[in-house]
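# Per-entry structural report
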Amino acid sequence: MNRIIWPLIREILVNANGSGEAYDLSVAEPSNGFYTPENTEFYAKIPYAKLDPPKKKFRLLKFFPRKPSEVIHCQLVDKLEHENAKKHYKALSYCAGNPNQTRVIMVNGLEFNIFANLGHALDEVLGIWQATNGQDDLLLWVDQICIDQSNVEERSHQVGLMRDIYKFAEQTFICLSTKESDGAGIDWLRKASDESEKLQTRHMQKALFEYIRKQINEPGFRAGLHGFFDILKSNWWTRSWIFQEFLCSDNLQLVFGRQSLPWSQCSRTFLHILTILEYSHSRDLRRPNSWHTKTLPVPGCDIIYTDFQWSQSVDVLHQLVPKSDTMNALHQLVHSENVDDSLQRAKFMANCKMSWSVDEMNLRILLNHSRRCSSSDPRDKIYAFLGCTSSNYSIVPDYSPAKSVRDLFMESARSIILQENNLAILHDAVWSTKSHSLPSWTPDWTSAVDRSFLYELVHWSRFWMERPPDFEKPSVKFRDDPVYGLGSRLDVSGYCIKIWDHLSHAPEGPVRMTWIYEVKKSYVVLASHEILAQDELWILPGTWNPLIFRKQASNFSLVGEAVFLKEDYERCNITVELFSLSERYRLDSYMTSNEVLRGSSYGVEDQKIISIC
């Protein structure tokens, strides 16, 4: 199938209903399918020298000085070794965009079609470079050109080197714009950074709020703030690959509208501004007593958050609540700009950048973030984040037709279970709409999280914990299944604590997609999905909450998650707003699987094996 038509068809299928479930994950990529503009004539002339994978060699581009109206000319520099090139080149991070929207540049004297967005990024970077370095050549790494996109083997190999490519770059240009702009957002961020740095670090957030409060009604300030929102709304934040590029680069330079700003100069200010904006947007300003000292975490970020963020914001933001005029103004601005998702993405990335350590980063959490990101190839939902984690997961990028998306997602889930030594990934599998071709214990990372009342409550309760509970190490075994294939059946020991022979208490729901299934004097049981007769409630070692399974022939299918709350039903007004509810249901109300089990009469001898497909 045509190189351009295939990715467009796949994009249409993926985005047809917003969940990613419309296409068959078992279909492998076409042998000649890749997601870059058409360059058949260029590749036919074989301008690329073969790279030696064991020696970890890569290519760079040398860009020559030019006038703004002239065609960009560059030359491939082949067979470079990381150790020799370390800190002697720059790297580019950009949002690729539509492969049908192209622009021609000259590479080794030959015409080469690049993404139109890449052309814009090169214009921005070359303009900034020449303004500060005159007629010096620029040695730059650009993925679309430096990797031979027609060679599947090379693509797979070079993707595995990208962490080192960005880490060893002297500087990484992050081009946040895709069209000409005035750069007002960069100027606004620079001024805010300068203002906040005038005081000691522990006062930075308060200084920022006071700065915003005094300037909020000034037209010029508001124009700059809208420019900052343009930065947050950049499609760059939505792409899967930029996460690794952002985390692994030692020296980042933000570029927007021919304006640039070092990340090291604005990183703390950037994070504090996002915290203030998120705080103003996510709280009910009409009820000051509903304000809390911690904000709801990014989905999947129930383990990673930094002391830096909260030590700076917990008390300060609470003190600023009475000044609700400013908060109301910010709330209206954030709401009108529709940047809520952008705030979440950017804040997650900024927090991770502050605390990143490759040996401590949790792949499961990163893949939850990948659900909020887009990629042309669904396999990049995994590959784009591997460089941010330990190599112990043993997942090797492979773009060959033999590696289907379905096989990769199952392989990744198995690896996460074995490497992280828990079954927390089963909760991720619950909160998504999966393709029928995946086993129920395997998350479909192309599917957005099905955010419900119970989902928010579960994540809120976890967040109040000072640290995640000590998971009991699960006993797992992977077996083949005649329907789902090799390694698709998960056998795990656990406790069956209830089988619903009949529903003794009619479900009082759904309330924001939550069902109330069990009401006792001492607790209430909520379920994420509707429970049918003969469904079973299990507690599995290595999980947060009890899980709901449904019998399917000789095995079980994972269908939902349950939450136990230590509350009498008469005191449980489940229909109230989430934040009022969470004000009552904090850690002392939420019961983990271990707490539920400790309150029962079950012992180790009561464990049974459940086979999940």
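Residues numbered from 1 in each chain as written. Predicted model: local features only at pLDDT ≥ 70, side-chain atom pairs only at ≥ 80, totals over all residues. Heavy atoms only, no water.

### Quick notes on the overall build of the protein
- Across its full length, the protein carries 22 helices and 18 strands.
- For the protein, the residues scored as buried account for 58% of the 613 residues in total.
- For the protein, the proportion of contacts with a sequence separation of at least 24, taken over those separated by at least 6, is 73%.
- Entry remark: accessible area of the protein is about 24,900 Å², with carbon and sulfur atoms responsible for 48%. (Helix = DSSP H or I, 4+ residues; strand = E, 2+ residues; numbered from the N terminus. Buried < 20%, exposed > 50% of the residue type's maximum accessible area, 1.4 Å probe, protein only. Contact = heavy atoms within 4.5 Å. Areas by Shrake-Rupley, 256 points an atom, 1.4 Å probe, with all protein chains shown as cover.)

### Considering empty space enclosed by the protein
- In this structure the tally under the stated criterion is five cavities of 30 Å³ or more.
- Approximately 530 Å³ is the volume attributed to the largest cavity.
- Forming the walls of the largest cavity are 27 residues, and the residues nearest its centre are Y35, A96, D143, W241 and D380.
- Residue assignment for the lining of the largest cavity shows that the elements contributing at least two residues are strand 3 (90-93), helix 5 (143-146), helix 6 (152-159), helix 7 (162-167) and helix 11 (242-248).
- Split by residue class, the lining of the largest cavity holds 12 nonpolar, nine polar and six charged. (1 Å grid on protein atoms, 1.4 Å probe; cavity = no way out; pocket = protein on both sides within 12 Å on 5 of 7 lines; lining within 4 Å. Points joined across faces, edges and corners; volume = space filled by probe spheres on them. Nonpolar A, V, L, I, M, F, W, Y, C, P; charged D, E, K, R; others polar.)

### Quick look at the layout of surface pockets
- Estimates place the volume of the second largest pocket at around 470 Å³.
- Around the second largest pocket, the lining is made up of 21 residues, and of these G160, L386, S391, I395 and P397 lie nearest the centre.
- Contributions of two or more residues to the lining of the second largest pocket are made by helix 6, helix 7 and helix 17 (380-386).
- Residue composition of the lining of the second largest pocket, by class: nine nonpolar, nine polar and three charged.

### Digging into the packing of helix 8 (residues 184-196) against helix 10 (residues 219-232)
- One can describe the packing of helix 8 onto helix 10 by two numbers: an axis separation of 7 Å at closest approach and a directional angle of 110°. It follows that helix 8 is roughly perpendicular to helix 10 by the angle criterion. Mapping the contact onto sequence places A184, G185, I186, W188 and L189 in helix 8 and F221, G224, L225, G227, F228 and I231 in helix 10.
- Looking at side-chain class alone, the contact of helix 8 with helix 10 contains eight nonpolar, three polar and no charged residues. (Axes fitted to C-alpha atoms, helices over the stretch in contact; angles between N-to-C directions. Parallel < 35°, antiparallel > 145°, perpendicular 65-115°, else oblique.)

### Some details on the pairing of strand 16 (residues 555-565)
- With respect to burial, strand 16 is a largely interior element, 11 of its 11 residues being buried.
- Note: strand 15 (residues 547-552) against strand 16, six bridges, orientation antiparallel. The partner of L547 across the bridge, within strand 16, is E561. (Pairing = 2+ DSSP bridges.)

### Here's the deal with unusual backbone geometry
- Here R258, not a glycine, exhibits a phi torsion of approximately 60°, which is positive.
- Turning to its location among the elements, R258 is positioned in the loop between strand 8 (252-256) and strand 9 (259-262).
- Although it is not a glycine, N421 adopts a positive phi angle of roughly 60°.
- N421 gets classed as partly exposed once you look at its relative accessible area, which sits at 33%.

### Comments concerning helix 18 (residues 405-420)
- Helix length check: helix 18, at 16 residues, gives a terminal C-alpha distance of 22 Å against a target of 22 Å (1.5 Å per residue), a fit within 8%.
- Taken residue by residue, helix 18 has V405, R406, L408, F409, M410, S412, A413, S415, I416, I417 and E420 as its buried positions.
- One or two residues past the end of helix 18 sits N421, with phi positive at roughly 60°. (Expected span 1.5 Å × (residues − 1).)

### Here's the deal with the sheet that holds strand 1 (residues 57-63)
- Spatial strand order, 5-4-2-1-6-3-7-8-9: nine strands in an open sheet with mixed pairing. The strands lining the two open edges of the sheet, one partner per strand, are strand 5 (110-115) and strand 9. Within this sheet the neighbouring strands show an average axis-to-axis angle of 35°, counted without direction.
- Relative to strand 6 (residues 138-141), strand 1 runs antiparallel, the two being bridged by three bridges. Bridge pairing links F63 to L138 in strand 6.

### Digging into the pairing of strand 7 (residues 171-175)
- With five of its five residues buried, strand 7 lies for the most part within the structure.
- Of the two faces of strand 7, the one lined by Q171, F173 and C175 and the one lined by T172 and I174 are each fully buried.
- As judged from the four bridges shared by strand 3 and strand 7, these two strands associate in the parallel manner. Looking at strand 7, one finds that L92 is bridged to F173.
- Sheet analysis places strand 7 next to strand 8, joined by four bridges and oriented parallel. Looking at strand 8, one finds that I174 is bridged to L254.

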